[in-house]
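# An overview of the molecular structure
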Protein chains: 4
Amino acid sequence: MMRALSMRLYHMGLDAHVAGDMSCPPVGKGDLLVVSAGPGAFSTVMGLIGVARGAGARVACVTAVPDGAAAHAAHHVLVIPAQTMANDQGGAVSVLPMGSLFEGAQYLTFELLILALRDHLGVAPDAMRARHTNLE
Amino acid sequence: MMRALSMRLYHMGLDAHVAGDMSCPPVGKGDLLVVSAGPGAFSTVMGLIGVARGAGARVACVTAVPDGAAAHAAHHVLVIPAQTMANDQGGAVSVLPMGSLFEGAQYLTFELLILALRDHLGVAPDAMRARHTNLE
Amino acid sequence: MMRALSMRLYHMGLDAHVAGDMSCPPVGKGDLLVVSAGPGAFSTVMGLIGVARGAGARVACVTAVPDGAAAHAAHHVLVIPAQTMANDQGGAVSVLPMGSLFEGAQYLTFELLILALRDHLGVAPDAMRARHTNLE
Amino acid sequence: MMRALSMRLYHMGLDAHVAGDMSCPPVGKGDLLVVSAGPGAFSTVMGLIGVARGAGARVACVTAVPDGAAAHAAHHVLVIPAQTMANDQGGAVSVLPMGSLFEGAQYLTFELLILALRDHLGVAPDAMRARHTNLE
């Protein structure tokens, strides 16, 4: 879901990149690292947050666990209170397995975020469309 | 969405792989190549379908365009009649940009598919969970 | 090796992207698609070449088989006459398995290409270094 | 280079996976996590080492910096004393930029490792070849 979000941010003309992609620049002052850590924390995410903070960047975290380690280490937290692998066992659980509910809730949240951001930035749908790659 | 589907198939104990991953075996007789081609066809997808058919594998295609090239080349077609980049311009279009509606519809479809397949195969939720990687 | 080459091109300040990365723009007039097809052709590479040519881009192909399908479809061909999976069986073969020799020869060729290009463009080593990501 | 190594290990019939690939299982007792940290450490690598150790797996580290954090946290260390981004500035540096020398040295080292392992395991070249994917 983070990859899809990043693609839409790029479609809107923003300087957005995914960690691990070949043309990803270094993160620093004035940048925002956006991480997803549904169940509270992942080891690699915590590592990247540390790098970003050390370089003077700000960090936004999407999570279902607002008191988790990733949220604590972030400057901005977006809480999506949906089931993740942190609470998918026991009694009253979703019919969907593991963290599927959180993934679906992220899909909806990011689509709404993109619509709001597109309006805020005044990006025309055709301009987004024109940035979509044909190498697929 | 195809990557997420593949992960869940793996979680269920199936021999599922993503093209491009390092331990992806060759496809051949008795295998099923599952492709997604919302707007009808992609050049790389058509290439992979050709390889799979030539090697004796069967092909299943998820698409919004049942008379597209990918669907025609596939043995099995799952039609999700949602907006893609093949019909996102003009009058009565979704509020969501480009192919977002198809992506969301794929999410829902694959989750239902996984629930049905899990019941059909008799896979216990804990067995799926135990196969989830901790390297994240 | 293509991913490493792309990263170095990006390090030199060029507008370089890898197909499949999230911020990859569409290819068109004035662009160069660089593909590697050691043994002559791959189905996905042939698909991408078709898209690039149709969009008015030029295509450069790195291969060991100058009369292969990818080389024929490209505007520019760089031949590296090293063993690939097209000729790794039979009598006088490399001690290295499959296409390993071609991979190593690509490594050397691309490093020399990068040094020549860095001089040609007048890019300072520190400028390249400053573009390397810290998100790793 | 780690991805290429992993593919060859898979070609030899070993249960090898890359972190981030969709069918990557959890790591635990009896498993070996192999990481590369040329300049001594990366934040994500340190995170994964912590997970692997916590789960009872053993860790092997390939590095140019034997007293770096990754090497210290690993059970086995393979030192390749080639230039990385930890020592690519100042006087007597390689003509190759940044960590290119380490990458090339890793290529050679891994090829020799694969040849030795292939002999040790008694894997026939044709058996390796037959496992190579055609989905490319």
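Please refer to the structure placed before this passage.
Residue indices begin from 1 for each chain and proceed along its sequence in written order. Just so you know, chain letters begin at A and ligand numbers begin at 1, following the order they were written in. Since the coordinates come from a predicted model, pLDDT governs what is reported: local features require at least 70, and pairs of side-chain atoms require 80 or more to be given and counted, while whole-chain, interface and lining totals use all residues. Computation of side-chain values: all heavy atoms of the structure, hydrogens and water removed.

As a further point, take helix H4 (residues 100-121) of chain D. Counting from the N terminus, the helices are the DSSP runs of H or I reaching at least four residues and the strands are the DSSP runs of E reaching at least two. Residue count minus one, scaled by 1.5 Å, sets the expected span of a helix. A rise of 1.5 Å per residue sets the reference length of H4 of chain D, with its 22 residues, at 32 Å; its end C-alpha atoms lie 31 Å apart and thus fit the reference within 8%. Accessible area is worked out with a 1.4 Å probe on protein chains only. A residue is then buried under 20% of its type maximum, exposed over 50%, and partly exposed in between. Along H4 of chain D, the positions that sit buried rather than exposed are Ser100, Phe102, Gly104, Ala105, Gln106, Tyr107, Phe110, Glu111, Ile114, Leu115 and Arg118 of chain D. The secondary structure elements touched by the buried residues of H4 of chain D are helix H1 (2-11) and helix H4 (100-121) of chain C together with helix H1 (2-11), strand S1 (32-36), strand S2 (58-63) and helix H5 (125-130) of chain D. Downstream of H4 of chain D by one or two residues, Gly122 of chain D has phi in the positive range, about 70 degrees. The criterion used for residue contact is that any of the two residues' heavy atoms lie within 4.5 Å.

This paragraph deals with the interface of chain D and chain A. For an interface, size is often stated in terms of accessible area lost upon the parts coming together. On the chain A side, the residues contacting the 5 residues of chain D number 5 residues. Throughout this description, the term salt bridge denotes a Lys or Arg side-chain nitrogen within 4 Å of a carboxyl oxygen of Asp or Glu. For the pair chain D and chain A, the interface holds 0 salt bridges. By the criterion applied in these results, polar contacts are pairs of N or O atoms within 3.5 Å in which, for protein atoms, one can donate a hydrogen and the other can accept it, and in which residues neighboring in sequence qualify only through two side-chain atoms. Our count for the contact surface shared by chain D and chain A stands at 2 residue pairs in polar contact (both at pLDDT 80 or more). For the side of chain D that touches chain A, the residue count by class is 2 nonpolar, 3 polar and no charged. Ten residues, namely Ala, Val, Leu, Ile, Met, Phe, Trp, Tyr, Cys and Pro, are considered nonpolar, four, namely Asp, Glu, Lys and Arg, are considered charged, and the remaining ones, Gly among them, are considered polar.

This next bit is on the relation of the copies chain C and chain A. Two copies of the chain are present, and they differ by a rotation about an axis and a shift along that axis. Overlaid copies result from least-squares superposition on C-alpha atoms, with residues included only where pLDDT is at least 70 in both. When chain C is fitted to chain A, the residual RMSD is 0.0 Å, and the transformation amounts to a turn of 180 degrees plus an axial shift of 0.0 Å. Seen this way, the second copy is the image of the first under a two-fold rotation axis. Nearest to the rotation axis, the C-alpha of Asp21 of chain C is located 2.9 Å from it, this being the minimum over chain C. A share of 100% of interface residues in chain C that are also interface residues in chain A marks the association as one of identical surfaces.

Before going further, it helps to spend a moment on the interface of chain C and chain A. Counting residues at the interface gives 27 residues for chain C, matched by 27 residues for chain A. Buried area: the sum, over both parts, of the accessible surface (1.4 Å probe) that disappears when the two are put together. For the pairing of chain C and chain A, the buried interface totals around 2,300 Å² over both sides, and the portion due to carbon and sulfur atoms is 62%. Sorting the residues of chain C by area buried against chain A places Met22, Asn134 and Leu135 of chain C first, and these three jointly supply 33% of that buried surface. The tally of links between chain C and chain A comes to 0 salt bridges. Where chain C packs against chain A, one counts 7 residue pairs in polar contact (both at pLDDT 80 or more).

Without other data, these values stay purely geometric and don't point to any function.
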